[in-house]
Amino acid sequence: MQTATTPVPIPPRDTSWLVARGLIPDHGPRRVLAVATFVNMLGSGIFMATAVLFFTRSVGLPLAQVALGVGIAALVGMLAGVPVGHLADRRGPREIYLLTLVIRAATMAALAFVHTFWPFVVLVCLTQLAHSAGGASRGPLVRGFGGANLGQYRAYLRSIANLAGCCGALAAGAAVQLDTRAAYLALVVGNAVSFVACAAIITRLPSLPPVPAPQLTGRWIALRDRPFLTVTVLDAILGIQGQVLVFALPVWIISETDAPRWFVGVAVLVNTALVATLQVRASRGGDTSSAAGRAMRRSGLAFLIGMALIATTSAMPGWVAVTVLTLGVASHTVGELWHAAGSLELQFRLAPAHAQGQYMGISGLGTGLANVAAPSLLGLLCIAWGAPGWLLMGGIFVAVGLAAPAVVRWGERTRPDSADAV
């Protein structure tokens, strides 16, 4: 029987150059899960880059209604993670994850037939519910099949997810250029097909039996785990950084600097390329809780440096601004790499194996709240207040990063069995 400390054995069978260089995992569940991740994120990248344009220019909804519907969906979606994660822990994550992919495929395809506001709201809410549920149920799969170097494998999955998202966004550019309903519908259908393809790939994974829960363990242990909840709050605040380059920076470049507008796309490309190439390296040596806490502390400092550089560009000539903005984006991305390494490690390190899905649901809830709050907070500080707001936001990141190691040590002390936390 598989125990909480015994990973699924994955015997090496492939000695090709790509495997030896770490570019692809070995044959078996690790490669299957990696391919599924790439396919999933390729479709999501295609759609996410043009979702607002599809709903406004193709469906014909006003921008205010689209924003309202997406906001409602984000709030509703946060409700699914914890209960579905618990269900995955007790019934098997592979089957639950497959169900979420099927639901996402169906709801995405149904968006092609939407023409009014309330059907749009219902479908995006269902899509977001399935998305949150899928993230919670996928966590136990990653843990079960990740092997001995789980931290590096998680970092590898994040790298290929970023690469796939970038490829999808580039492909979506063709549809934006055409700007026709047929082109936008092709993106919607393509995303739906990607979920079906991902589900077909996941069926090649063996089922994972639930990890037995210790006796006298309550049902909703993650909701009573105060150290983990505190870590989740800190992680969510640091997670606001994910909106800096895609929300605050584009507005800042266009409205407050003399940098060319095309640099908005270059900034995203620089960020994506660095994450895709350096995430695995940034995660090395971070396979303990204390190392993860230190990584989060370093990330706060990197965010402050990046945001301080960005804040200085409002009075610079165009090409000087481009140079300084590039340095700011690079520094911010280094912080993102460290934050992701520490966050991913703690999501697994502090979670007992028998409740991994439930704990992933809690982490997803924190991420969802951060995504809801980020546009308003960044708009107030970075856009409305200008340079002082960028510095204040960077200071918040530093303060949270400095607090992280102490909170992580609290979490380590309260684990009932440190060996079970991996």
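Quantities reported herein were computed from a predicted structural model and do not represent experimental measurements. (Residues numbered from 1 in each chain as written. Predicted model: local features only at pLDDT ≥ 70, side-chain atom pairs only at ≥ 80, totals over all residues. Heavy atoms only, no water.)

Section: the overall build of the protein chain
- The helix and strand inventory of the protein chain stands at 16 helices and 0 strands.
- A globule of 422 residues ought to have a C-alpha radius of gyration of about 22 Å, and the protein chain, at 21 Å, matches this closely.
- Overall size of the protein chain, expressed as C-alpha extent along the three principal axes, is 65 × 50 × 45 Å.
- Classification of the 422 residues of the protein chain by burial places 51% in the buried group.
- Taking as baseline every contact in the protein chain between residues at least 6 positions apart, the subset at least 24 positions apart corresponds to 84%.
- Element-wise, carbon and sulfur atoms account for 68% of the exposed surface of the protein chain, whose accessible area totals about 18500 Å².
- Here the protein chain contributes 28 positive and 15 negative side-chain charges, whose respective centroids are spaced 3 Å apart. (Helix = DSSP H or I, 4+ residues; strand = E, 2+ residues; numbered from the N terminus. Rg over C-alpha atoms; globule rule 2.2 N^0.38 Å. Buried < 20%, exposed > 50% of the residue type's maximum accessible area, 1.4 Å probe, protein only. Contact = heavy atoms within 4.5 Å. Areas by Shrake-Rupley, 256 points an atom, 1.4 Å probe, with all protein chains shown as cover. Lys, Arg positive; Asp, Glu negative; His and termini not counted. Charge placed at Lys NZ, Arg CZ, Asp CG, Glu CD.)

Let's talk about a nonpolar patch on the surface
- Together, Leu380, Trp385 and Leu392 line one region of the surface with nonpolar side chains, adding up to about 310 Å² of accessible area.
- Its location among the elements puts Leu380 in helix 15 (residues 356-384).
- Judged by its relative accessible area of 42%, Leu380 is partly exposed. (Patch = residues over 30% accessible without salt bridge, like charges linked within 9 Å, V, L, I, M, F, W, Y side chains within 5 Å. Salt bridge = Lys/Arg side-chain N within 4 Å of Asp/Glu carboxyl O.)

Here we look at the environment of Thr272
- Here Thr272 lies in helix 12 (residues 263-283).
- On the accessibility criterion, Thr272 (11% relative accessible area) is buried.
- Put simply, Thr272 and His354 are 82 residues apart on the chain and 34 Å apart in space, counted from C-alpha to C-alpha.
- Aside from chain neighbours lying at most four places away, what touches Thr272 is Asn162 and Cys166.

A look at the packing of aromatic side chains
- For the coordinates displayed, the defined rule picks out 10 aromatic pairs.
- Geometrically, the ring pair formed by Phe47 and Phe55 is edge-to-face, given 6.2 Å between the ring centres and 85° between the ring planes. In this pair, the class of Phe47 matches that of Phe55, namely buried.
- An aromatic cluster of three or more residues is present, and its members are Phe47, Phe54, Phe55, Phe117, Trp118 and Phe120. (Phe/Tyr/Trp six-rings, centres within 6.5 Å; stacked < 30°, edge-to-face > 60°.)

Quick word on the nonpolar core
- By size, the foremost hydrophobic cluster in this structure holds 50 residues, and its most contacted members are Phe47, Phe55, Leu111, Phe120 and Ile202.
- If near-sequence neighbours (up to four positions away) are discounted, Ile202 is found in contact with Leu33, Ala36, Arg94, Tyr97, Leu98 and Leu101.
- Ranked by size, the runner-up nonpolar core spans 48 residues in total, among them Val82, Ile240, Met316 and Trp390. (Core = buried A, V, L, I, M, F, W, Y, C linked by side-chain atoms within 4.5 Å.)

With respect to the pattern of salt bridges
- Within this structure, the stated rule accounts for 5 salt bridges.
- The residue Arg154 makes a salt bridge to Glu345 at a minimum N-O spacing of 2.6 Å. On the criterion of sequence distance, the pair formed by Arg154 in helix 8 (residues 150-178) and Glu345 in helix 14 (residues 318-349) is long-range, its members being 191 residues apart.

Some points on a positive patch on the surface
- Side chains of Arg294, Arg297, Arg298, Arg409 and Arg413 sit close together on the surface and give a patch of like positive charge.
- Of all the secondary-structure elements, those providing two or more residues to the positive patch are helix 13 (289-311) and helix 16 (387-413).
- With 3 residues, the single largest contributor to the positive patch is helix 13.
- Mapped onto the fold, Arg294 is located in helix 13.
- Residue classification places Arg294 among the partly exposed positions, given a relative accessible area of 37%.

Focus: helix 3 (residues 51-58)
- For helix 3, the complete set of buried residues consists of Ala51, Phe54, Phe55 and Ser58. In an axial view of helix 3, the angular spread of the buried residues amounts to 110°, which keeps them on one side of the axis.
- Against helix 2 (29-48), helix 4 (63-77), helix 7 (117-145) and helix 9 (181-202) lie the buried residues of helix 3.
- Gly60 sits one or two residues past helix 3 and shows a positive phi near 95°. (Arc of directions from axis to C-beta.)

Let's talk about the packing of helix 6 (residues 93-110) against helix 7
- Contact pair helix 6 / helix 7: the axes reach a minimum separation of 8 Å and the direction vectors enclose 155°. By the angle class used here, helix 6 and helix 7 are roughly antiparallel. In terms of crossing hand, the pair formed by helix 6 and helix 7 is left-handed. Across the interface between the two elements, Pro93, Arg94, Ile96, Tyr97, Thr100, Ile103, Arg104, Thr107, Met108 and Ala110 of helix 6 pack against Leu123, Leu126, Thr127, Ala130, His131, Ala133, Gly134, Ser137, Arg138, Pro140 and Leu141 of helix 7. (Axes fitted to C-alpha atoms, helices over the stretch in contact; angles between N-to-C directions. Parallel < 35°, antiparallel > 145°, perpendicular 65-115°, else oblique. Left-handed = near helix turned anticlockwise from the far one by under 90°.)

Nothing here speaks to function; it is all geometry.
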